[in-house]
Amino acid sequence: SKVNFTYARGWDEVGMVGNDFEEDVERQIFKLGFSQVLTKNSLMGVDFETITDEGYLNNPYRQYRFEDDTAAANYDYAVEVYPESRTSTAVALRGLYYLPYRASLKAEYRYFTDSWGVDANTYELLYVHPIGRQWTLEARLRYYQQTQADFYKDIFSGLWVNSFLARDKELST
């Protein structure tokens, strides 16, 4: 069996080209993993991960859309507003099985949740088959599903109707 622990810390500066805008972001990542050989052909593992982000977390170029009867298209745009902190947690279960003809099968399930209301599930199945000495064939099937962030909408009912406003498709269902 094997146990691993990882800690990482990073500092980023977010800015805009041609603009004096500059904000800071601080990130911390904690990972804990455990893997175990079950048989001579099979291996399983579980990984836990927590990430904390503090600071300016949105993209300064991205805008949200809001209803505006005075605009030509009946809507207008304003700069997105995100919370200044986010904590996410993920757990992943993995299994690997080596087939007798040098190929392998891998199955994985990952659950993700965060303080913004996003919950996600990922299922993945991978088949790896060597062809001769120089080629490898890989076939992968992956299914991903997530809920939207608490402050995501395609269009809001007005300007500044909520404390936080986002239209980033990565925060949508």
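What counts, and where the lines are drawn
Residues numbered from 1 in each chain as written. Predicted model: local features only at pLDDT ≥ 70, side-chain atom pairs only at ≥ 80, totals over all residues. Heavy atoms only, no water. Helix = DSSP H or I, 4+ residues; strand = E, 2+ residues; numbered from the N terminus. Rg over C-alpha atoms; globule rule 2.2 N^0.38 Å. Buried < 20%, exposed > 50% of the residue type's maximum accessible area, 1.4 Å probe, protein only. Areas by Shrake-Rupley, 256 points an atom, 1.4 Å probe, with all protein chains shown as cover. Lys, Arg positive; Asp, Glu negative; His and termini not counted. Charge placed at Lys NZ, Arg CZ, Asp CG, Glu CD. Core = buried A, V, L, I, M, F, W, Y, C linked by side-chain atoms within 4.5 Å. Contact = heavy atoms within 4.5 Å. Pairing = 2+ DSSP bridges. Axes fitted to C-alpha atoms, helices over the stretch in contact; angles between N-to-C directions. Phe/Tyr/Trp six-rings, centres within 6.5 Å; stacked < 30°, edge-to-face > 60°.

**Student:** Help me understand the overall build of the chain in this model?
**Tutor:** In terms of helices and strands, the chain carries 0 helices and 9 strands. Counting from the amino terminus, the chain carries its helices and strands in the arrangement β-β-β-β-β-β-β-β-β. Against the compact-globule benchmark of 16 Å for 173 residues, the chain has a radius of gyration of 22 Å, which places it well outside the compact range. Taken along the three principal axes of its C-alpha coordinates, the chain extends 70 × 35 × 30 Å. Out of the 173 residues belonging to the chain, those deemed buried represent 31%. Carbon and sulfur atoms make up 53% of the accessible area of the chain, which amounts to about 11,600 Å² in all. If you average the places of the 18 positive and of the 26 negative side-chain charges in the chain, the two averages end up 15 Å apart.

**Student:** Hey, could you run me through the nonpolar core in this one?
**Tutor:** Here is a general trend for soluble globular proteins: nonpolar side chains tend to be buried in one another's company. Counting residues in each nonpolar core, the largest one holds 15 residues, and the members touching the most others are Tyr82, Phe112, Trp116, Ala149, Phe151, Ala166 and Leu171. With residues near it in sequence (within four places) discarded, Ala166 still touches Tyr64, Glu80, Tyr82, Phe151, Tyr152, Lys153, Phe156 and Leu171. Judged by nonpolar contacts, the second largest core, of 5 residues, contains Tyr64, Phe66, Ala78 and Leu165.

**Student:** Would you take a moment to explain the side chain of Asp53 for this structure?
**Tutor:** You can see Asp53 is positioned in strand E3 (residues 42-55). Exposure remark for Asp53: the relative accessible area of 11% places this residue in the buried category. Excluding residues within four positions of it along the chain, Asp53 makes contact with Glu26, Arg27, Glu84, Ser85 and Arg86.

**Student:** Quick question: what am I supposed to make of the sheet that holds strand E1 (residues 2-15) here?
**Tutor:** Each strand in a sheet pairs with another by means of backbone hydrogen bonds, the pair being arranged parallel or else antiparallel. Pairing is antiparallel across the open sheet formed by 7 strands, whose spatial order is E1-E2-E3-E6-E7-E8-E9. Whereas interior strands pair on both sides, the edge strands pair on one side only; in this sheet they are E1 and strand E9 (135-146). Within the sheet, the average angular offset between the axes of one strand and its neighbour, ignoring direction, is 15 degrees. For E1 and strand E2 (residues 22-39), the ladder comprises 14 bridges, and the chain directions are antiparallel. Bridge pairing in E2 links Ala8 to Ile29.

**Student:** I tried to follow the packing of aromatic side chains on my own but got confused; where do I start?
**Tutor:** In this description, an aromatic ring pair is defined by two values, namely the gap between the centres and the angle between the planes. Counted under the stated rule, the structure contains 12 aromatic pairs. With centroids separated by 5.0 Å and ring planes inclined at 65 degrees, the aromatic side chains of Phe21 and Tyr56 adopt a geometry described as edge-to-face. Highlighted residues: Phe21 in the loop between E1 and E2 and Tyr56 in the loop between E3 and strand E4 (63-67), separated in sequence by 35 residues. By relative accessible area, Phe21 is classed as partly exposed at 23%. Relative to Phe156, the ring of Tyr64 has its centre 5.5 Å away and its plane inclined at 85 degrees; by these criteria the two rings are edge-to-face.

**Student:** Hey, could you run me through unusual backbone geometry in this one?
**Tutor:** Glycine aside, residues mostly have negative phi angles, and peptide bonds mostly take the trans form. The backbone of Asn74 sits at a positive phi, close to 70 degrees, despite the residue not being glycine. The partly exposed category is assigned to Asn74, whose relative accessible area is 46%. If you check the backbone angles, Trp160 has positive phi at about 60 degrees while not being a glycine. Its location among the elements puts Trp160 in the segment after E9. Taking relative accessible area as the criterion, Trp160 reaches 52% and is therefore assigned exposed.

**Student:** Quick question: what am I supposed to make of the pairing of E2 here?
**Tutor:** On any regular strand, side chains alternate: one points to one face of the sheet, the next to the other face. Taking the residues that link successive antiparallel strands as the turn, the E1-E2 hairpin has 6 residues, and the phi of Gly18 there is positive, at about 75 degrees. Pairing geometry for E2 and E3, over 14 bridges, is antiparallel. Bridging across to E3, Thr39 finds its partner in Ser42. Where E2 folds back on E3, the antiparallel hairpin that results is connected by 2 residues.

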